Amino acid sequence: MKDLERLIKNCMEELEAAGLKPGQIRAWRVNERALSRWGQCRRNADGTYNIEIAKRLLTDPRITDEACKETILHEILHTCPGCMKHTGQWKQYAELLNARYGYHIKRVTKGEEKGVENYEVKSRPVKYIFTCEVCGAVIRRKRESKFTRNYRQYRCGRCGGRFQRATVTIR
Ligand SMILES: [Zn+2]
Ligand SMILES: [Zn+2]
């Protein structure tokens, strides 16, 4: 497990050496569940910021300290004035850090660029397909329901035809 506090301290020193002044960060949080994003920065009502870092960045041994710092810096840059978006000032600062320290701070960084696979949301496959015998309308269902059990009793909403069950090939 990487030492988040030490990495943050490193980043702050690098920002200072580059002449950048981050906003006030009230809290750092490690997000245990974030899988599809590495970090997040939110502005609080009082003008301070909360930053979240995905736990995976800290625990995955394939992700280097540098790659982890790129995310930390990405989020800290959002606290600089006029930097909530990834354009304009934020982009300029990111490019400045990239040129000065050899980072690859970008708007979005894929898993592969951090040395790990991308996380993909596994969606449930369609298990039931019915087609209207008359007009060919198709109904797809991922789980069993009243309709999938009793489709013979239902009529097509478009033409009033009956449904037949189609064979589903799961790939
Ligand atoms: Zn961002
Ligand atoms: Zn029909």
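Keep in mind that what you see is a predicted model, and the values were worked out from it rather than measured. (Residues numbered from 1 in each chain as written. Chains lettered and ligands numbered in written order. Predicted model: local features only at pLDDT ≥ 70, side-chain atom pairs only at ≥ 80, totals over all residues. Heavy atoms only, no water.)

Description of helix H3 (residues 65-77)
With 13 residues, H3 extends 18 Å from end C-alpha to end C-alpha; this agrees with the ideal 18 Å at 1.5 Å per step. Within H3, 11 of the 13 residues are buried, leaving the element largely enclosed by the surrounding structure. All of the buried residues along H3 are Ala67, Cys68, Lys69, Glu70, Thr71, Ile72, Leu73, His74, Glu75, Ile76 and Leu77. On its buried face, H3 sits against helix H1 (4-17), strand E1 (25-31), strand E2 (39-43), strand E3 (49-54), helix H2 (55-59) and helix H4 (88-101). (Helix = DSSP H or I, 4+ residues; strand = E, 2+ residues; numbered from the N terminus. Expected span 1.5 Å × (residues − 1). Buried < 20%, exposed > 50% of the residue type's maximum accessible area, 1.4 Å probe, protein only. Contact = heavy atoms within 4.5 Å.)

Description of the coordination of the zinc ion (ligand 1)
Looking at the zinc ion (ligand 1), the protein donor atoms are His74 (NE2), His78 (NE2) and His86 (NE2), and they sit 2.0 to 2.1 Å from it. Along the chain, the residues donating to the zinc ion (ligand 1) fall in the pattern H-x3-H-x7-H. (Donors = N, O, S within 2.8 Å, 3.2 Å for Na, K, Ca; no water.)

Here's the deal with the sheet that holds E3
Read from one edge to the other, the open sheet built from 3 strands follows the order E1-E3-E2, with strand pairing classed as mixed. Single-partner strands in this sheet number two, and they are E1 and E2. On average, each strand axis in the sheet is tilted by 15° relative to the strand beside it, whichever way the strands run. In terms of strand pairing, E1 meets E3 through 6 bridges, oriented parallel. (Pairing = 2+ DSSP bridges. Axes fitted to C-alpha atoms, helices over the stretch in contact; angles between N-to-C directions.)

Focus: the coordination of the zinc ion (ligand 2)
Taken together, Cys132 (SG), Cys135 (SG), Cys156 (SG) and Cys159 (SG) make up the protein donors of the zinc ion (ligand 2), found 2.3 to 2.4 Å from the metal. Because the angles between the 4 donor atoms bound to the zinc ion (ligand 2) fall within 99 to 117°, the donor set is best described as tetrahedral. Motif for the zinc ion (ligand 2), donor spacing along one chain: C-x2-C-x20-C-x2-C. Its relative accessible area of 3% is what places Cys132 among the buried residues. (Tetrahedral: all angles 85-135°; square planar, octahedral: opposite > 155°, others 65-115°.)

Observations regarding the side chain of Thr131
By the secondary structure assignment, Thr131 is in strand E4 (residues 128-132). The residues touching Thr131, leaving out its near neighbours within four places in the chain, are Ala137, Val138, Arg162, Phe163 and Gln164.

Some points on the packing of aromatic side chains
The final tally for this structure, using the stated rule, is 5 aromatic pairs. The interplanar angle of 55° and the centroid separation of 6.0 Å between the aromatic rings of Tyr101 and Tyr103 together place this pair among those described as tilted. Judged by its relative accessible area of 26%, Tyr101 falls in the partly exposed class. Centroid distance Phe147 to Tyr154: 5.0 Å. Interplanar angle 80°. Geometry classified as edge-to-face. The buried category is assigned to Phe147, whose relative accessible area is 11%. An aromatic cluster is present here, built from Phe130, Phe147, Tyr151, Tyr154 and Phe163 joined pairwise through their rings. The positively charged end of Lys114 is found above the aromatic ring belonging to Trp38, 5.7 Å away from the centroid. (Phe/Tyr/Trp six-rings, centres within 6.5 Å; stacked < 30°, edge-to-face > 60°. Lys NZ or Arg CZ within 6 Å of the ring centre and 35° of its normal.)

Some details on the sheet that holds strand E6 (residues 163-166)
Strand order in this open sheet of 3 strands is E5-E4-E6, and the pairing throughout is antiparallel. The open sheet is flanked by strand E5 (138-141) and E6, the only strands paired with a single partner. Ignoring strand direction, the axes of neighbouring strands in this sheet form an average angle of 25°. With 4 bridges connecting them, E4 and E5 associate as antiparallel partners. Within the sheet, the bridge partner assigned to Tyr128 lies in E5 and is Arg141.

Side note on the domain arrangement of the chain
Its domain assignment divides the chain into domain 1 (4-114) and domain 2 (128-166). Spacing between the C-alpha centres of domain 1 and domain 2 amounts to 50 Å. (Domains from an automatic or database assignment.)

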